[in-house]
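Residue-level listing of the chains:
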Amino acid sequence: MSPFNLEACARPNILALQPYRCARDDYKDDGQNILLDANENAFGPSLPSALSAAGQDLGVDLLGLHRYPDPHQHDLKQLLCNLRNTHAHTPKVLTPEHMFVGVGSDEAIDALLRCFCVPGKDRILTCPPTYGMYAVSAQVNDVGIFKVPLLPAPDFSLDVPAITAALSSEPDLKLVYICSPGNPTGSLVAKSDVEQILRHPTWNGVVVLDEAYIDFAPEDASLAELVTEYPNLVVMQTLSKAFGMAGIRLGAAFTSPEIALLLNNLKAPYNISSPTSALASYAVSDKGLAIMRENRASILAQRDRLIQELPKVPGVGRLRGGTMSNFLLYEMLDAQGNPDNVTALAVYEKLAESRGVVVRFRGKEHGCLGCLRITVGTEQEVTRFLESLRKTLAEVRRVPDSVDAAVEEQKENEASNIVA
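Residues numbered from 1 in each chain as written. Predicted model: local features only at pLDDT ≥ 70, side-chain atom pairs only at ≥ 80, totals over all residues. Heavy atoms only, no water.

Bringing the overall build of the chain into the picture now. Check the secondary structure of the chain and you find 13 helices and 11 strands. When its C-alpha atoms are laid out on the principal axes, the chain stretches across 90 × 60 × 40 Å. Within the chain, the fraction of its 420 residues that count as buried is 50%. Once local pairs closer than 6 in sequence are excluded, the contacts in the chain between residues at least 24 apart make up 70%. Here the chain has roughly 20,000 Å² of accessible surface; of this, 52% comes from carbon and sulfur atoms. In the chain, 38 side chains carry a positive charge and 51 a negative one; their mean positions are 2 Å apart. (Helix = DSSP H or I, 4+ residues; strand = E, 2+ residues; numbered from the N terminus. Buried < 20%, exposed > 50% of the residue type's maximum accessible area, 1.4 Å probe, protein only. Contact = heavy atoms within 4.5 Å. Areas by Shrake-Rupley, 256 points an atom, 1.4 Å probe, with all protein chains shown as cover. Lys, Arg positive; Asp, Glu negative; His and termini not counted. Charge placed at Lys NZ, Arg CZ, Asp CG, Glu CD.)

Here's what the structure looks like:
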């Protein structure tokens with residue numbers, strides 16, 4: 001049983017925080033009230049009335065934008081709970097009281113730091129290679145980082161003994177950020193590993209499980225339900241990936257009602273806009289889920305195609321990590337057949353600058369020497385990528401040692417031609 005104690009773990013000023021309240025916390029808008037409480041513009045938004053029809057099918061009232069949005073988002077939270085109440089891990093039920101919704105997962109990442117970590121004193125634990133915003137938010141909040149690298153590729157699994165040892169010996173570790181499926185690894189973290197950390201016998205802190213890519217993993221892979229079993233677990237998700245809604249910036253955090261209350265107390269009063277709420281609600285409705293699943297099937301088909309075709313491209317090395325996301329992590333090999341950052345960086349730059357194909361260079365991440373992270377696109381995009389990669393690798397791998405050497409070689413050839 002975890003010794004987690006919220007009162008001893010959270011910052012005292014956050015525990016004592018009285019959230020911002022407005023008149024509509026007490027008197028809800030039933031469509032009949034005259035709303036003269038929030039200094040809004042009663043004449044409506046500066047938009048043509050013709051736009052009102054544009055959002056009607058999705059339930060977006062574009063002419064209602066002069067009113068502040070719902071500060072609580074109860075209906076949206078219930079839809080998100082419905083999606084994750086699979087009972088694959090527990091018979092208990094998620095409710096809106098278990099939820100915080102924010103501007104992408106990044107708002108939850110930052111809010112948790114502000115909630116639990118004293119600036120200049122407390123630290124978080126991360127497991128590189130991992131999502132970069134954990135470190136960025138920690139630095140912004142003047143919070144230190146203790147790193148326990150993932151075990152070597154291709155599994156990139158958690159080093160549970162090292163993590164539990166750190167939680168036993170390192171003072172002031174308040175949060176553990178774990179990405180599952182990992183970014184950039186694409187590997188799913190084992191449920192048993194997460195539970196072992198949650199059950200640490202002496203550590204009083206919070207495990208944050210980032211499931212941004214969970215809908216590309218097998219059914220029932222999400223551990224969101226486990227927040228009903230563990231009071232020190234937070235599971236973050238987003239509509240940016242499988243749902244294709246990156247532009248609306250909607251993230252969700254499932255956790256205990258007590259932690260959810262703290263997060264909701266410290267957020268900005270109206271952090272989720274009305275259009276964002278309406279579009280997100282449609283995305284997780286039955287109709288929206290059907291569209292997501294159809295698109296996901298297409299992505300998975302192209303993911304399988306890349307796994308089949310990439311090893312056939314001369315200069316492509318091993319797949320590093322897993323296949324539980326909408327991206328793949330592959331080595332780029334030099335002319336001698338070794339994974340190489342110079343080669344990978346040259347391929348990355350030439351793909352973008354010469355062929356208009358943008359991937360992500362990840363070679364400087366722990367355990368990712370010579371690696372590019374490749375997002376799975378449409379059939380046409382994957383075809384173009386494969387053709388472009390084949391040509392680019394052929395060009396780059398003719399370089400003896402570096403990209404600069406290729407430039408010098410070209411200059412020498414040009415000079416020889418002039419002399420001849």
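We now examine helix α12 (residues 379-396). For α12, which comprises 18 residues, the first-to-last C-alpha distance of 25 Å matches the rise-based estimate of 26 Å (1.5 Å per residue) to within 8%. Those residues of α12 lying buried are Val 382, Phe 385, Leu 386, Ser 388, Leu 389, Thr 392, Leu 393 and Val 396. Where α12 is buried, its residues contact α10 (286-309), β8 (316-319), β9 (327-332), α11 (341-355) and β11 (371-375). (Expected span 1.5 Å × (residues − 1).)

Inspection of the secondary structure puts Thr 276 in helix α9 (residues 274-283). The buried category is assigned to Thr 276, whose relative accessible area is 11%. Among the polar contacts listed, one links the side chain of Thr 276 to the backbone oxygen of Ile 248, at a separation of 3.2 Å. (Polar contact = N/O pair within 3.5 Å; in protein donor to acceptor, adjacent residues only side chain to side chain.)

To continue, consider the packing of aromatic side chains. Taken as a whole, this structure holds four aromatic pairs when the rule is applied. Plain terms: the ring middles of Tyr 131 and Tyr 134 are 5.5 Å apart, the flat faces sit at 90° to each other, and that makes the pair edge-to-face. The exposure class assigned to Tyr 131 is partly exposed, which follows from its relative accessible area of 25%. On the basis of relative accessibility, which here comes to 0%, the residue Tyr 134 falls in the buried class. With 4.9 Å between their ring centres and 15° between their planes, Tyr 134 and Tyr 177 make a pair best called stacked. Taken as a pair, Tyr 134 in helix α5 (residues 133-140) and Tyr 177 in strand β4 (residues 173-179) lie far apart in primary sequence, 43 residues in all. Given a relative accessible area of 0%, Tyr 177 falls into the buried group. (Phe/Tyr/Trp six-rings, centres within 6.5 Å; stacked < 30°, edge-to-face > 60°.)

Under the counting rule described, the total for this entry stands at 16 salt bridges. A salt bridge links Arg 114 to Asp 110; the shortest N-O distance between them is 2.8 Å. Of the two residues, Arg 114 and Asp 110 both sit in helix α4 (residues 104-116), four residues apart, roughly one turn of that helix. Since its relative accessible area comes to 28%, Arg 114 is described here as partly exposed. The salt bridge partner of Glu 170 is Arg 123, with a shortest N-O separation of 2.9 Å. Linking Glu 170 in the loop between α6 (160-169) and β4 with Arg 123 in strand β2 (residues 123-126), this pair joins segments that are 47 residues apart in sequence. Several salt bridges converge on common partners, so that one network encompasses Lys 121, Asp 122, Asp 172 and Lys 174. (Salt bridge = Lys/Arg side-chain N within 4 Å of Asp/Glu carboxyl O.)

Summed over the entire model, instances satisfying the criterion amount to zero disulfides. The cysteine Cys 127 is free of any disulfide, with Cys 179 supplying the nearest cysteine sulfur at 10 Å. Look at Cys 127 and you get buried, because its relative accessible area is 4%. (Disulfide = S-S within 2.5 Å.)

This part takes up the confidence of the model for the chain. Averaged over the chain, the pLDDT score is 91; the fraction of residues at 70 or greater is 92%. In the model, residues 405-412 has pLDDT below 50 throughout and makes four contacts with residues more than four positions away in sequence or in other chains. Contacts for the low-pLDDT stretch residues 414-420, under 50 throughout, to residues beyond four places or in other chains number zero contacts. (pLDDT = per-residue confidence, 0-100.)

Here we come to the pairing of strand β6 (residues 233-238). In terms of burial, β6 is largely enclosed, as six of its six residues are buried. Here β6 shows no split at all, with Leu 233, Val 235 and Gln 237 on one side and Val 234, Met 236 and Thr 238 on the other all buried. Pairing of strand β5 (residues 206-210) with β6, which is carried by four bridges, proceeds in the parallel orientation. Across the sheet, the residue bridging to Val 208 is Val 234, located in β6. Here β6 runs beside strand β7 (residues 250-254); their pairing, made up of four bridges, is antiparallel. Counterpart to Thr 238 in the pairing with β7 is Gly 251. (Pairing = 2+ DSSP bridges.)

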